[in-house]
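One-letter residues, chain by chain:
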Amino acid sequence: MAGNSGLKEANKNKKDEFYTQLTDIEKELKHYKDKFKNKVVYCNCDDPKISNFFKYFYLNFETLGLKKLITTCYKNNNENLFSKNDSEKAVYIEYYGGGDLDKYDQVKVKKLKGDGDFRSLECMEFLKEADIVVTNPPFSLFREYVAQLIEYKKQFIILGNQNASSYKEIFYLIKNKKLWLGASIKSGDREFQVPLDYPLNASGSRVDNNGNKFIRVKGIRWFTNIDYKQRHDKLILYKKYNSDEYPSYVNFDAINVDETKNIPVDYYGVIGVPITFLDKYCPEQFEIVGLGIVGSCEFKNNKKMEILKKGMPTGKYTYNAKGTLYRKYNPKKDKKPAAFKDCETGELYSSIYARILIRRKDEN
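Figured I'd write up the structure that's included with this text. This one's a predicted model, so the numbers in the text were calculated from it and none came from an experiment.

Taken across its eight residues, helix H3 (residues 52-59) has seven buried, putting it largely inside the fold. Burial in H3 covers these residues: Asn-52, Phe-53, Phe-54, Lys-55, Tyr-56, Phe-57 and Tyr-58. N-capping of H3 is provided by Ser-51, with a side-chain oxygen placed 3.0 Å from the backbone N of Phe-53.

A separate point is helix H5 (residues 121-129). Among the residues of H5, Cys-123, Met-124, Phe-126 and Leu-127 are the ones counted as buried. Buried residues along H5 cover an arc of 155° about the axis, so they all sit on one side. The secondary structure elements touched by the buried residues of H5 are strand E2 (40-43), strand E3 (68-72), strand E4 (91-95), strand E6 (132-135) and helix H6 (142-151).

In this structure, Lys-153 takes a positive phi of about 55° despite not being glycine. With respect to the helices and strands, the residue Lys-153 is situated in the loop between H6 and strand E7 (155-161). Positive phi outside glycine occurs at Asn-320, with the angle close to 60°. Tracing the backbone through its elements, the reader meets Asn-320 in helix H8 (residues 320-323).

On to the nonpolar core. If you look at the biggest cluster of nonpolar residues, it comprises 45 residues, and the most contacted ones within it are Ile-263, Leu-278 and Ile-358. Looking at this core, the elements that each hand over two or more residues are E2, H5, H6, E7, helix H7 (168-175), strand E14 (270-274), strand E15 (286-291) and strand E21 (355-360). Contact partners of Ile-358, with chain neighbours within four places excluded, come to Ile-263, Gly-269, Val-270, Ile-271, Val-273, Phe-277, Phe-286, Glu-287, Ile-288 and Val-289. By size, the runner-up hydrophobic cluster in this structure holds 37 residues, among which are Val-134, Phe-139, Tyr-198 and Trp-222.

Conventions we followed
- Residues numbered from 1 in each chain as written.
- Predicted model: local features only at pLDDT ≥ 70, side-chain atom pairs only at ≥ 80, totals over all residues.
- Heavy atoms only, no water.
- Buried < 20%, exposed > 50% of the residue type's maximum accessible area, 1.4 Å probe, protein only.
- Helix = DSSP H or I, 4+ residues; strand = E, 2+ residues; numbered from the N terminus.
- Polar contact = N/O pair within 3.5 Å; in protein donor to acceptor, adjacent residues only side chain to side chain.
- Arc of directions from axis to C-beta.
- Contact = heavy atoms within 4.5 Å.
- Core = buried A, V, L, I, M, F, W, Y, C linked by side-chain atoms within 4.5 Å.

Next up, the structure:
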């Protein structure tokens, strides 16, 4: 099909071929068990011979009360687990229950006419039939993948990188309460199984006694548009606001908070918080105002500044700190050197990592 070059490249480089652990799937999906009754579940990035998503729904088909399970995969027709027999034919399964639970890995697959790209006409027909999509999509195509789910108005529970929260397209959905983070992963990294020919160059990778390869990936989160109870738990706040501990940004009317737990209990103006705030975000307690990058918020000035490296001049210049939030440099408190110098006044500034702009709701 036209337009699948990104998926082909990702598959070729083995960058997106991660197999989610069954324990991680179980920990997340237990929060939605009452949402699957009489539903068609679609796992559209999953070789059923390998995927633990298929295994989970196969083994729990009757318990969840599913109507149907569909899985499709991109150009993978391996008959055996992690077989090196590469095929140009993609496969699919339509499962209606009643199978032998001890033989989930022996379910017969059928060949797709096309390559199994989630954007192919074949796979989109399956998508139209589905109620809920659950899978680990290619991280490199995350924007496009989510856009398709939204376009077809599907419920979903999918894995992605935490940094995807700062993509303009994804953040728009978060801000407008059309997408939020899942329940079970709040910090740390996650282990994924990878193909046998995957290069193990990163620290934290391992090979088990059966020769299976695993790597650990940082910043993994579940993304969903299905509600769950814990999402409405309010964050307990205890710190009091003071201007010295909570400096304001130079280019936006908001105060900076470096850790979510330190959000002041008595401040109702706009607050810039790290992306990790979304792990604790309660929509009844906070309003999301914007994202601290160009195109998401209106900066109140546009200073010309010299970019500093380790506090030293570089002869390179930018406007408005490369389009991100920044504050005055405090040599007594800042652990890192200043990042920018105002070309007109010589004032030094600290660069701020990606910030979500929020405001407390008036609980009174």
